[in-house]
Amino acid sequence: MKRFVWILILSICIQPLIMAEPVVKKVYLDEAIEAALENNIDLQAAKLERNIAKNNIKTAKRLQNPSFDAFYFMGAAGRNEPKQLGVSENIEIAKRRARKNLAESNLKLVEKNIDYTIFDLKMDVREAYINLVASKSILYTLEQQKELQEELLDIAKSRVKLHTAPDIDVMQAEIALNQMITQVNSARVSVKKAQAEFNKVINNPNDILYDSQDKLFTEENNFEEMMTPPPDYDFPELSLIIPKAINNRFDIQISKQEIDVAEKNLTVVSRQRIPDIQISGGYAYQLGSYTDSGNFNNGAYAGASLVNIPLFYNYSPEIQNAALKLQQAELKYNSVKNKAVKDVSAAYERFLTAADNLNHYEKKIITDSEALIETSKDSYEAGKSDITALIVMKQSYKSIIIGYSQALAEYYNSWTNFLREINDEDFSLTEDL
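Reading the values: rules and limits
- Each chain carries its own residue numbering, running from 1 in the written order of its sequence.
- Residue-level local features of this predicted model are given only where pLDDT is at least 70; pairs of side-chain atoms are given and counted only at 80 or more, and the full residue set underlies all totals for whole chains, interfaces and linings.
- Where side-chain values are given, they derive from all heavy atoms of the structure, hydrogens and water being excluded.
- Runs of H or I in DSSP of at least four residues are treated as helices and runs of E of at least two as strands, each being numbered from the N terminus.
- Per-residue accessibility, obtained with a 1.4 Å probe over protein chains only, is compared with the maximum for each type, and a residue is labelled buried under 20%, exposed over 50%, and partly exposed between these values.
- Criterion used throughout: strands pair if DSSP finds at least two bridges between them.
- Note on geometry: axes are lines fitted to C-alpha atoms, helical ones only across the stretch in contact, with angles between N-to-C directions running from 0 to 180 degrees.
- Salt bridges are defined as contacts in which a side-chain nitrogen from Lys or Arg sits within 4 Å of a carboxyl oxygen from Asp or Glu.
- Predictor confidence is given residue by residue as pLDDT, running from a minimum of 0 to a maximum of 100.
- Comment on the angle field: the value is read as roughly parallel under 35 degrees, roughly antiparallel over 145, roughly perpendicular from 65 to 115, and oblique elsewhere.
- We call two residues in contact when some of their heavy atoms are within 4.5 Å.
- Two helices cross in a left-handed way if the nearer one is turned anticlockwise from the farther one by less than a right angle. They cross in a right-handed way if the turn is clockwise.
- Ten residue types, Ala, Val, Leu, Ile, Met, Phe, Trp, Tyr, Cys and Pro, are classed as nonpolar, four, Asp, Glu, Lys and Arg, as charged, and the remainder, Gly among them, as polar.
- By nonpolar core we mean a set of buried residues, namely Ala, Val, Leu, Ile, Met, Phe, Trp, Tyr and Cys, connected to one another through side-chain atoms within 4.5 Å.

**Q** Explain the overall build of the protein to me, and be specific about the residues and the numbers.
**A** Looking only at helices and strands, one finds eleven helices and six strands in the protein. Put simply, the protein has 433 residues, and 39% of those count as buried.

**Q** Now, about the sheet that holds strand 2 (residues 67-71): what can you tell me, with residues and values included?
**A** With antiparallel pairing, four strands are arranged side by side in an open sheet as 2-3-5-6. Looking along the sheet, the strands with just one partner apiece sit at the ends: strand 2 and strand 6 (297-307). Direction aside, neighbouring strands of the sheet carry axes that sit 20° apart on average. The pairing of strand 5 (residues 276-286) with strand 6 spans eleven bridges and is classified as antiparallel. Paired with Gly281 across the strands is Ala302, a residue of strand 6.

**Q** Provide a residue-level description of the pattern of salt bridges, including the pertinent values.
**A** Tallying each qualifying case throughout the model produces 15 salt bridges. The partner of Arg420 in a salt bridge is Asp120, and the shortest N-O contact between them spans 2.5 Å. Of the two residues, Arg420 sits in helix 11 (residues 387-422) while Asp120 sits in helix 5 (residues 96-161), which places them 300 residues apart along the sequence. With a shortest N-O distance of 3.1 Å, Lys332 and Glu258 are connected by a salt bridge. Of this pair, Lys332 sits in helix 10 (residues 316-381) while Glu258 sits in helix 9 (residues 250-270), and the two are 74 residues apart along the sequence. Taking the relative accessible area as the measure of exposure, Glu258 reaches 21% and is therefore partly exposed. Through salt bridges with shared partners, a single network forms among Asp120, Asp124, Glu127 and Arg420.

**Q** Residues and numbers for the confidence of the model for the protein, please.
**A** For the protein, per-residue confidence averages 82 on the pLDDT scale, and 82% of positions sit at 70 or higher. Looking across the protein, the model is least confident in helix 1 (residues 2-19), with a mean pLDDT of 51, and most confident in helix 9, with 93.

**Q** I'd like a description of the packing of helix 3 (residues 41-60) against helix 5, backed by residues and values.
**A** Between helix 3 and helix 5, the least distance of the axes is 8 Å, while the angle of their chain directions is 170°. The angle between helix 3 and helix 5 places the two elements in the roughly antiparallel class. Where helix 3 approaches helix 5, its residues Leu43, Ala46, Lys47, Glu49, Arg50, Ala53, Lys54, Asn56, Ile57 and Ala60 are matched on the opposing element by Arg96, Arg99, Lys100, Ala103, Glu104, Leu107, Val110, Glu111, Ile114, Thr117, Ile118 and Leu121.

**Q** Which residues make up the packing of helix 5 against helix 6 (residues 168-202), and what values do they have?
**A** For any two helices packed against each other, the geometry comes down to the angle between their axes and how far apart the axes lie. Relative orientation of the contacting elements helix 5 and helix 6 amounts to 165°, with a least axis distance of 8 Å. Comparing their axes, helix 6 and helix 5 come out roughly antiparallel. Relative to helix 6, helix 5 is oriented so that their crossing is left-handed. Partitioning the contact of helix 5 with helix 6 into residue classes produces 22 nonpolar, seven polar and ten charged.

**Q** Mind laying out the nonpolar core, listing which residues take part and the relevant values?
**A** By size, the foremost hydrophobic cluster in this structure holds 69 residues, and its most contacted members are Phe198, Tyr411 and Phe418. Counting residues per element, this core draws most heavily on helix 5, at 21 residues. Setting aside anything within four residues of it in sequence, one finds Phe198 in contact with Val27, Ala32, Val125, Ala128, Tyr129, Leu132, Tyr210, Asp211 and Ser212.

**Q** Which residues make up the side chain of Gln195, and what values go with them?
**A** Turning to its location among the elements, Gln195 is positioned in helix 6. You can call Gln195 buried: its relative accessible area is 16%. Ignoring sequence-local partners within four residues, the contact set of Gln195 consists of Leu132, Leu209, Tyr210 and Asp211.

So, in structure tokens, the structure goes:
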């Protein structure tokens, strides 16, 4: 009975762990972007700023709440002064619309920042996806090399058994295989780390573990799937790229909107010098026992006064600071425009270099290396070369294949970086510039 109870308790404790097992969902790049836009917690929090800004517009348009006034004179004062019940209201002069304009300008700034956040998230997903596929490609390469090394070990054992190779060949092949096994294990860890970073970017609160599709960089037609132009494209000159590239940069638009916010803030602060009007009105009466005639007297009263007259304090420090903020915004705008050209130029040059390197790999290095490693393998199997030369050749080939995967990753990432600098995910080099 006691054993049954312990089993029951254990099953109850383990059940939540089993239920919490995340669902693995393989996605293509475009699907990963959609998942991030739909579920990313940070983006959801950023979008709330829009609602806050809208509420600030309502706050800016507010009317001042009225005050209820009551005057009741007692003692001898009450014999001459009437009792009063009334309402007073402060009316702001030239302030309410200025506040509303500032709040509306801030809303536009918030919306532009949200658009920038969305765009930045898309670029982060692209980079994380590329890095994940790159890690998988390197792991695949190492696993293939491990299989080749196992095949080489079998060949060495066969030759030693036939007395056509020394025993040391087997030892060298085993050492090379063990070294390859450690590299494969490290590559598996890298894939898991890249997958964790990928899910961190998507930031989905649900129990879903996103993974890239199993298509690797070495497969055909990956450029369209990765939303990147092919490296053999006839890329236009930088001078043709620049005008279109900086046209839609979010940081330029945001800096320009910040100038508008600063201008409207200066207006709001400056108008604090304008006095407001306070109006009051209500009902006044005197009891008959307090009048000379003995009659009950009543009527209305009204009054007006200027309030907040800038006599002792005229808001000069606030106005000066607001003017300085406007000057800062204008300088920032000019700085952002100046840096934009340099950032786009550097990003485009990096992309062109990555394309050139990738073309070298695809057209010259990879093909020649594949033929060389196959020839070396046949040569050793036929007893025409020693195992040391073959192992060195295989290690070189492994480095070349890994370098090719890294060159592909750099090519994809450099295009993403270029898009990040021009702030246009749909930028096309095939359209008229």
